[in-house]
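Structure at a glance
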Amino acid sequence: YAIAWVKIENGEMQSGKLANNPSYYSYGQEVLAVADGVVATAVDGRPENVPGHVPPLDLFAPVCTICGNHVVLELAQGQFATYMHLQPSSLRVATGDRVRRGQVLGLVGNSGESFQPHLHFHVTTEPGMTGQGLPYLIERFSIIDPSGAPQLRTRELPLDGMVIDFGS
């Protein structure tokens, strides 16, 4: 149930130099809390990657190195929402903070085990990369069909390859 979110404009994920993080439309976008909760973990200070280059995976490193800069929210009923690959020094919350749905947690970046700027998001039964993945629903969004026409969806989880518009 994990999703790697990227922003697309005119069918492209970036403009300009591919090896430059700010060339990607996702880079610097605000990351919002999906629900009220308490920050279980907030990790900042991990360096960003050059797009197209992922640092070598250290199988003995703590899982949080894979996540890069990240925030884990403890939601109701033992559920945890994880937001990964955030920009260094962009976190606006700290461990223990109470947050409200829609509150800005940080900015999309390219830290951790990440090939390009994007937001990795998932919900689990345990914090971070542990625990069982849980399904979740997004209240309202539109998918853009091949003709370019939006189709409103409510209380669904987007499927692989869908182009989503949250502004509709």
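Above this text is the structure in question.
In this report, we go over the structure that sits alongside the text.

1. Some thoughts on the layout of surface pockets
Its boundaries defined by the atoms lining it, the largest pocket holds a volume of some 1600 Å³. Looking at the largest pocket, it is lined by 44 residues, and the ones nearest its centre are W5, L119, I138, I164 and F166. Looking at the lining of the largest pocket, the elements that each hand over two or more residues are β1 (3-5), β2 (30-32), β8 (119-124), β9 (138-144) and β11 (164-165). Of the residues in the lining of the largest pocket, the class split is 27 nonpolar, 9 polar and 8 charged.

2. Regarding the sheet that holds β1
Ordered by their spatial adjacency, 6 strands build an open sheet running β1-β8-β5-β4-β3-β6, and the pairing between neighbours is antiparallel. Sheet topology places β1 and β6 (98-99) at the edges, where each strand pairs with a single neighbour. Sheet topology note: the strand β4 (residues 69-74)/strand β5 (residues 80-86) ladder contains 5 bridges and is antiparallel. Bridge pairing in β5 places L73 opposite A81.

3. Digging into the pattern of salt bridges
The final tally for this structure, using the stated rule, is 5 salt bridges. For the salt bridge of E30 with R92, the shortest nitrogen-to-oxygen distance reads 3.7 Å. Taken together, the positions of E30 in strand β2 and R92 in the loop between β5 and β6 put the pair 62 residues apart, joining distant regions of the chain. With a relative accessible area of 47%, R92 lands in the partly exposed category. Linking R155 and E139 is a salt bridge whose minimum nitrogen-to-oxygen distance equals 2.9 Å. Remark: E139 occurs in strand β9 and R155 occurs in strand β10 (residues 150-156); sequence separation between them is 16 residues. Assessed through its relative accessible area of 48%, R155 is described here as partly exposed.

Cut-offs and rules
Residues numbered from 1 in each chain as written. Predicted model: local features only at pLDDT ≥ 70, side-chain atom pairs only at ≥ 80, totals over all residues. Heavy atoms only, no water. 1 Å grid on protein atoms, 1.4 Å probe; cavity = no way out; pocket = protein on both sides within 12 Å on 5 of 7 lines; lining within 4 Å. Points joined across faces, edges and corners; volume = space filled by probe spheres on them. Helix = DSSP H or I, 4+ residues; strand = E, 2+ residues; numbered from the N terminus. Nonpolar A, V, L, I, M, F, W, Y, C, P; charged D, E, K, R; others polar. Pairing = 2+ DSSP bridges. Salt bridge = Lys/Arg side-chain N within 4 Å of Asp/Glu carboxyl O. Buried < 20%, exposed > 50% of the residue type's maximum accessible area, 1.4 Å probe, protein only.

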